[in-house]
Amino acid sequence: MDTQHDTGRNGLNNKCLLSRLLRGRHLTRSLLIFAGSVNVLSFSNVYFTMIKSYAFTNLENLEKIHLSDCAIESVEIQAFKKIDMDSLIIENTKFLSPTPSRTFFELSLRRELKLFNVYFEHLMSLSFMIHVMNTVKIESSYFKIIEGDAFHLKVKGNVFIEDNYFNDMRYGALYGIASQDEYGDSELLFENNTIHTYEDNAIKFNTTRFKVRVTDIVFNTKCPCTAHLPYADKILCEHSNQLVKYNHFLAHQCKVSVSSALQVYSLVIVITLVLCLALGVYAYKKAYHQYCYRLLNIGATKKRKLKKPKMMKNGVKPTIIVLPYNNDVYRETEYHVLPEKLLPLHPIENEMLKLHPIQTDM
């Protein structure tokens, strides 16, 4: 089978020929680059091993690409790039691997973009970068992981996002859908969608020139009291094994939990303040005592340590002996006992008189 199909400029013949060629076939990597003049390119019940980059860029006079009941194992960046046509329709199709950024890149659609019952394993940021002149429909599809700004669309008509299941919805997943309607009459309808896990501001829309209508968002989780979710009156979540309005749950079920949480927070704050005050008082007292101790010891001389008497060779300390009968003093050495000469101490008054005799007038 040739990789290029130049089928002429007859739209009806092109459509019939491609329907026969591309129905129920297993396409390998080498078959996925097309060139020629084709009006309608339709794939039905086809398993794609890989769609290469620029696979459809060289097709002339292309008006529509239609994928139905297909499975795509892998797709390269810019597989659908710079295509100017009427419609891109993908139905009952599975993207079995992550859809990289700029897979649908610089497409200009004059009529519509339609995704119906499509499975996305992982839709990365900027996977769809398309300029749509009229309508966008994303319906009954399953998004296992959808990252922020996955759909970067510039739309002049209405946008319908209905009956989808978002298993893991990241921040601003649909925020990249923007309106180019100068009159501001376009609508964005987000209706009857189910969300399992989500990040903050996952449900966020670009409301510039858009009339956003949100109805029946089903959260496939228990109702949270701590999360701050927009469109609380439109959200249904699980409580006591049944779906309830999220705003009613906040009003009736979260009051007790919020008040108890405030009490716990208040108790923690009081205990923290008491501990800080006790530590402050202890530190102040300790610093004050140290300051007073330094003041009392200013100018004080260090105590001299008394020298210990030297030990004699036999380990006996030298001693002084006083004989009681004549008050003689002897000092014992290692081998001898020697008498000590003691000089009497005169009264200090006699010494002062010797130094400064008192003169009297006769």
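Calculation notes
- Residues numbered from 1 in each chain as written.
- Predicted model: local features only at pLDDT ≥ 70, side-chain atom pairs only at ≥ 80, totals over all residues.
- Heavy atoms only, no water.
- Helix = DSSP H or I, 4+ residues; strand = E, 2+ residues; numbered from the N terminus.
- Buried < 20%, exposed > 50% of the residue type's maximum accessible area, 1.4 Å probe, protein only.
- Contact = heavy atoms within 4.5 Å.
- Areas by Shrake-Rupley, 256 points an atom, 1.4 Å probe, with all protein chains shown as cover.
- Disulfide = S-S within 2.5 Å.
- Pairing = 2+ DSSP bridges.
- Patch = residues over 30% accessible without salt bridge, like charges linked within 9 Å, V, L, I, M, F, W, Y side chains within 5 Å.
- Salt bridge = Lys/Arg side-chain N within 4 Å of Asp/Glu carboxyl O.
- Phe/Tyr/Trp six-rings, centres within 6.5 Å; stacked < 30°, edge-to-face > 60°.
- Lys NZ or Arg CZ within 6 Å of the ring centre and 35° of its normal.

Let us now look at the overall build of the protein. When helices and strands are tallied, the protein shows four helices and 26 strands. Here the protein holds 362 residues, and 35% of them are scored as buried. Expressed as a percentage of contacts within the protein between residues at least 6 apart in sequence, the contacts between residues at least 24 apart total 53%. Here the protein has roughly 23,100 Å² of accessible surface; of this, 56% comes from carbon and sulfur atoms.

The subject of this paragraph is the state of the cysteines. Under the defined criterion, the tally for this structure stands at one disulfide. Each sulfur of the disulfide joining Cys 223 and Cys 237 lies 1.9 Å from the other. With the S-S dihedral at roughly 105°, the linkage between Cys 223 and Cys 237 falls on the right-handed side. With Cys 223 in the loop between β21 (210-222) and β22 (235-239) and Cys 237 in strand β22, this residue pair connects regions lying 14 residues apart in the sequence. In this structure, Cys 223 and Cys 237 share a single accessibility class: buried.

In terms of residue burial, strand β6 (residues 64-68) counts as a mostly covered element, since four of its five residues are buried. In this sheet, β6 lies alongside strand β3 (residues 40-44) in parallel orientation, the contact comprising five bridges. If you follow Val 40 over to β6, its bridge partner there is Lys 64. Sheet topology places β6 next to strand β9 (residues 84-91); five bridges connect them, and they run parallel. Across the sheet, the residue bridging to Ile 65 is Leu 88, located in β9.

In this section: a nonpolar patch on the surface. Together, Val 264, Tyr 265 and Val 268 make up an exposed nonpolar region whose accessible area comes to about 310 Å². In this structure, Tyr 265 sits in helix α3 (residues 254-296).

Right, let's talk about the pairing of β21 for a bit. Pairing between strand β20 (residues 186-198) and β21: nine bridges, direction parallel. Paired with Ile 195 across the two strands is Phe 219, which belongs to β21.

On to the packing of aromatic side chains, then. Considering all chains together, one arrives at 17 aromatic pairs under this definition. Ring geometry for Phe 120 versus Phe 128: centroids 6.1 Å apart, planes at 85°, classification edge-to-face. A residue is classified by how much of its surface remains accessible, and Phe 128, at 0% relative accessible area, is buried. Each ring, one from Phe 120 and one from Phe 143, has its centre 5.3 Å from the other, and the planes form 10°; the classification is stacked. In this pair, Phe 120 sits in strand β12 (residues 119-120) while Phe 143 sits in strand β15 (residues 142-143), placing the two residues 23 residues apart along the sequence. Judged on exposure class, the residue Phe 120 and its partner Phe 143 are both buried. For the cation-ring pair, Lys 204 lies above Tyr 175, with the distance from its terminal atom to the ring centre recorded as 5.1 Å.

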